[in-house]
Amino acid sequence: NINVIALEAVVSTQSTGYQETYEKLSHEIKQASEDIFGDAEEESNSSKRVKLADPPVTTELNWYYKSEGKTHGPLSSSEMFEMQNKSSFKPGTTVCKETNREIFYDVKRINFDDYID
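One structure accompanies this document, and this report is about it. What you see is a predicted model, and the numbers here were worked out from it, not measured in a lab.

**Here's the deal with unusual backbone geometry**
- Residue Pro-74 is bonded to the preceding Gly-73 through a cis peptide linkage, with omega at 5°.
- On the secondary structure map, Pro-74 appears in strand S2 (residues 70–76).
- One non-glycine residue with positive phi stands out, namely Glu-68, at about 50°.
- Take Glu-68: it is sitting in the loop between strand S1 (62–67) and S2.
- A relative accessible area of 65% places Glu-68 in the exposed class.

**Digging into the sheet that holds strand S4 (residues 100–106)**
- Reading across from one edge, S2-S1-S3-S4 is the order of the four strands in this open sheet, with antiparallel pairing throughout. Every other strand in the sheet has two partners, leaving S2 and S4 as the edge strands with one partner each. The average undirected angle you get between the axes of adjacent strands in this sheet is 30°.
- Relative to S4, strand S3 (residues 94–97) runs antiparallel, the two being bridged by three bridges. Bridge assignment links Val-95 to a residue of S4, and that residue is Tyr-105.
- The strands touched by helix H3 (residues 77–85) within the sheet are S1, S2 and S3, with S2 carrying the most contacts at an inclination of about 115°.

Parameters at a glance
- Residues numbered from 1 in each chain as written.
- Predicted model: local features only at pLDDT ≥ 70, side-chain atom pairs only at ≥ 80, totals over all residues.
- Heavy atoms only, no water.
- Helix = DSSP H or I, 4+ residues; strand = E, 2+ residues; numbered from the N terminus.
- Buried < 20%, exposed > 50% of the residue type's maximum accessible area, 1.4 Å probe, protein only.
- Pairing = 2+ DSSP bridges.
- Axes fitted to C-alpha atoms, helices over the stretch in contact; angles between N-to-C directions.
- Contact = heavy atoms within 4.5 Å.

This is the structure:
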């Protein structure tokens, strides 16, 4: 059932403390529904339709960060991961997703590697 798949996706993201992107969840639900219903509709060889491939879904987020009163970005998850590994962020730096610029988190709480394709 598609509702169960969606619920499992939401529950799994809540348990890790991180949110999947809307695009990634939407893509996974669409894939699951195609898997479930894809073979239910049988067509004769003469009436089969050619399905074009969907464009690739980019799940890597862009981020903004605030340091010393200035906001910087957007930067990709890969760029943020590199900066974090090089200890480029000053104490007190906060970050937010490009998709939700109202909620900022301490940069130490975010594992940017989880958001890289």
